Amino acid sequence: MRQAGVYSRMLSGGRTGPHLLPLARIKKIMKKSGDNVKMISGEAPIVFSKACELFIEELTQRSWMVAMQGKRRTLHKDDVATAIVATDIFDFLVDLVSSGNSINPLDFSPVEMKTVLES
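Since the model is a prediction, treat every value here as computed from it, not as a measurement.

## Brief notes about the confidence of the model for the protein
Of all residues in the protein, 68% have pLDDT values of 70 or greater, and the mean over the chain is 77. Considering each helix and strand of the protein separately, the mean pLDDT is smallest for helix H6 (residues 110-118), with a value of 44, and largest for helix H3 (residues 43-69), with 94. Long-range and interchain partners of residues 12-16, a stretch whose pLDDT sits below 50, account for four contacts in this model, where long-range means more than four residues apart. The low-confidence segment residues 103-119 (pLDDT under 50) makes ten contacts with residues lying over four places distant or belonging to another chain.

## Brief notes about the side chain of Asp79
Relative to the assigned elements, Asp79 resides in helix H4 (residues 77-86). Asp79 gets classed as buried once you look at its relative accessible area, which sits at 3%. A polar side-chain atom of Asp79 sits 2.6 Å from a polar atom in the side chain of Arg72. Those residues in contact with Asp79 that lie beyond four places of it in its chain are Ser63, Val66, Ala67, Arg72 and Thr74.

Basis of the calculations
Residues numbered from 1 in each chain as written. Predicted model: local features only at pLDDT ≥ 70, side-chain atom pairs only at ≥ 80, totals over all residues. Heavy atoms only, no water. pLDDT = per-residue confidence, 0-100. Helix = DSSP H or I, 4+ residues; strand = E, 2+ residues; numbered from the N terminus. Contact = heavy atoms within 4.5 Å. Buried < 20%, exposed > 50% of the residue type's maximum accessible area, 1.4 Å probe, protein only. Polar contact = N/O pair within 3.5 Å; in protein donor to acceptor, adjacent residues only side chain to side chain.

See the structure below:
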């Protein structure tokens, strides 16, 4: 017989704690992401929530290491940009932080911009 793993507990009703990100908002963003998205399973927002938590944690840790190398205890946006440029897994974000430009709000689609403003 197969034993339940970590993901089984995460997806089942027996979760150990509250989610750090609001599931209703994640589900709303998922529905607005495409024209043909009508229904979303109950597990999908939970998985996306966990993926977002892990992404934010990884980016924050790498940015914190950059700040510590600069002998600072305050995280600046330049630390995040440096962490993005220095890490291969964040290559999809390089265009947002390249050449020291600040993020231009006109570069976001309406759904992304609404999400940024609601946060």
